[in-house]
Amino acid sequence: MPRISVIARTYAKTLFLASRNSNSIEKVSDDLELFRKNFSNEFANELKNPVISKDDMVKIINEVTSRFKLSNLTSNFFASIVKNRRLNLFPEIHEDFNRMVQEYKKILEVEVLSTININVENIKKLLEKSYPDKKILIKHTLSPKILGGLQIKIGSKVIDASLKNQIEQIRKECLSA
């Protein structure tokens, strides 16, 4: 997970709190995802152009948000970040907003890497014992790079039971002997 700037985190937190207070977390989350799918850094850089007045930038973003049929809260949020020439921070804001939503909903995302299809329900059951108050969402990915075994990533924590890791450990032991 890349570092989120303080400014982006502040915008994300403000939007999250406003959406929570208005009981519109789902709608705002959907709006941000729709915008993300259509977002480009070139668009953000164009709106950062000092030649374009703030009023014109707000008109442009209001037109975009109305075409996407975004909520008033989300539209006002975009008008605010465009007016402050911060649209380039949108990817960070979106990522941090999603993190806050998952935390609020008590969702724990887990990434499982393996070389073959495995039944992730067993892993889910084990994790539910360790995290009884969390809803576990598992993303399973096939990765031939780990050679065998599996890797489990829970936030910044990695449980590496891959064959590649075991070979690397043996190699280090042989070199240090």
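Criteria and thresholds
- Counting starts from 1 at the beginning of each chain's written sequence and moves along it residue by residue.
- Two thresholds apply to this predicted model, a pLDDT of at least 70 for residue-level local features and 80 or more for giving and counting side-chain atom pairs, whereas whole-chain, interface and lining totals are computed over all residues.
- Side-chain calculation: all heavy atoms of the structure are included, whereas hydrogens and water are not.
- For Phe, Tyr and Trp, where Trp contributes only its six-membered ring, two rings pair if their centres lie within 6.5 Å, and the inter-plane angle classes them as stacked under 30 degrees, edge-to-face over 60, or tilted in between.
- A run of DSSP states H or I qualifies as a helix once it reaches four residues; a run of E qualifies as a strand once it reaches two. Both are numbered from the N-terminal end.
- Relative accessibility decides the category of a residue: with a 1.4 Å probe and only protein chains considered, values under 20% of the type maximum give buried, values over 50% give exposed, and everything between is partly exposed.
- Patches draw on residues past 30% relative accessible area with no salt bridge. Two like charges within 9 Å are joined, as are two nonpolar side chains (Val, Leu, Ile, Met, Phe, Trp, Tyr) within 5 Å.
- For every accessible area listed, the method is Shrake-Rupley and the probe measures 1.4 Å; residues are considered covered only by the protein chains on display.
- What makes a salt bridge here is a side-chain nitrogen of Lys or Arg within 4 Å of a carboxyl oxygen of Asp or Glu, nothing more.
- For two strands to count as paired, DSSP must find a minimum of two bridges between them.
- Note on definitions: angles span 0 to 180 degrees between N-to-C directions of axes, and those axes are lines fitted to C-alpha atoms, for helices only across the stretch in contact.
- Residues count as neighbours in contact if any of their non-hydrogen atoms are within 4.5 Å of one another.
- An angle below 35 degrees is read as roughly parallel, one above 145 as roughly antiparallel, one from 65 to 115 as roughly perpendicular, and any other as oblique.
- A crossing counts as left-handed when the near helix is turned anticlockwise from the far one by less than a right angle, and as right-handed when that turn is clockwise.
- The classification used treats Ala, Val, Leu, Ile, Met, Phe, Trp, Tyr, Cys and Pro as nonpolar, Asp, Glu, Lys and Arg as charged, and all other residues, Gly among them, as polar.
- The criterion is simple. A nonpolar core is a set of buried Ala, Val, Leu, Ile, Met, Phe, Trp, Tyr and Cys residues joined through side-chain atoms within 4.5 Å.

Caption draft 1: Representation of the packing of aromatic side chains in the model. Evaluated as defined, the whole model comprises 10 aromatic pairs. Geometrically, the ring pair formed by phenylalanine 39 and phenylalanine 90 is tilted, given 5.2 Å between the ring centres and 50 degrees between the ring planes. With a gap of 51 residues between them, phenylalanine 39 in the loop between helix H2 (25-38) and helix H3 (41-48) and phenylalanine 90 in helix H6 (residues 90-104) connect regions that are remote in the sequence. Of the two residues, phenylalanine 39 and phenylalanine 90, neither departs from the other in class, the shared state being buried. Connected via pairs of aromatic rings, a cluster forms that spans Tyr11, Phe35, Phe39, Phe68, Phe77, Phe78 and Phe90.

Caption draft 2: Inspection of a nonpolar patch on the surface at higher detail. Side chains of Leu147, Leu163 and Ile167 sit close together on the surface and give an oily, nonpolar patch of about 270 Å² of accessible area. Position of leucine 147 among the secondary structure elements: in the loop between strand S2 (135-142) and strand S3 (149-154).

Caption draft 3: Layout of the environment of glutamate 63. Within the element layout of this structure, glutamate 63 appears in helix H4 (residues 54-67). For glutamate 63, a relative accessible area of 39% puts it in the partly exposed group.

Caption draft 4: Layout of the sheet that holds S2. Spatial ordering of the open sheet is given by S2-S1-S3-S4, a layout of four strands whose pairing is mixed. The two strands at the open ends of the sheet, each matched to only one other strand, are S2 and strand S4 (157-162). Taking each pair of neighbouring strands and ignoring which way they run, the sheet shows an average axis angle of 15 degrees. Pairing between strand S1 (residues 107-114) and S2: eight bridges, direction parallel. Following the sheet pairing, glutamate 109 is matched in S2 by leucine 137. Sheet strands in contact with helix H7 (residues 120-130) are S1, S2 and S3, and its direction is about 145 degrees off that of S2.

Caption draft 5: Highlighting the packing of H2 against helix H5 (residues 72-83). At their nearest, the axes of H2 and H5 sit 9 Å apart, and the two run at 50 degrees to each other. Compared by their axis directions, H2 and H5 come out oblique. Read as a crossing pair, H2 and H5 show a hand that is right-handed. Here Val28, Asp31, Leu32 and Phe35 of H2 lie close against H5, whose contacting residues are Leu73, Thr74 and Phe78. The residue inventory of the contact of H2 with H5, partitioned by class, reads five nonpolar, one polar and one charged.

Caption draft 6: Structural context of the nonpolar core. Ranked by size, the top nonpolar core spans 30 residues in total, and within it Phe35, Phe78, Leu87, Ile93 and Phe97 carry the most contacts. Secondary structure elements with two or more residues in this core: helix H1 (6-21), H2, H3, H4, H5 and H6. Not counting chain neighbours up to four residues away, the residues in contact with phenylalanine 97 comprise Ala12, Leu15, Phe16, Ser19, Ile25, Val28, Ser29 and Leu32.

The analysis is restricted to geometry; functional conclusions fall outside its scope.
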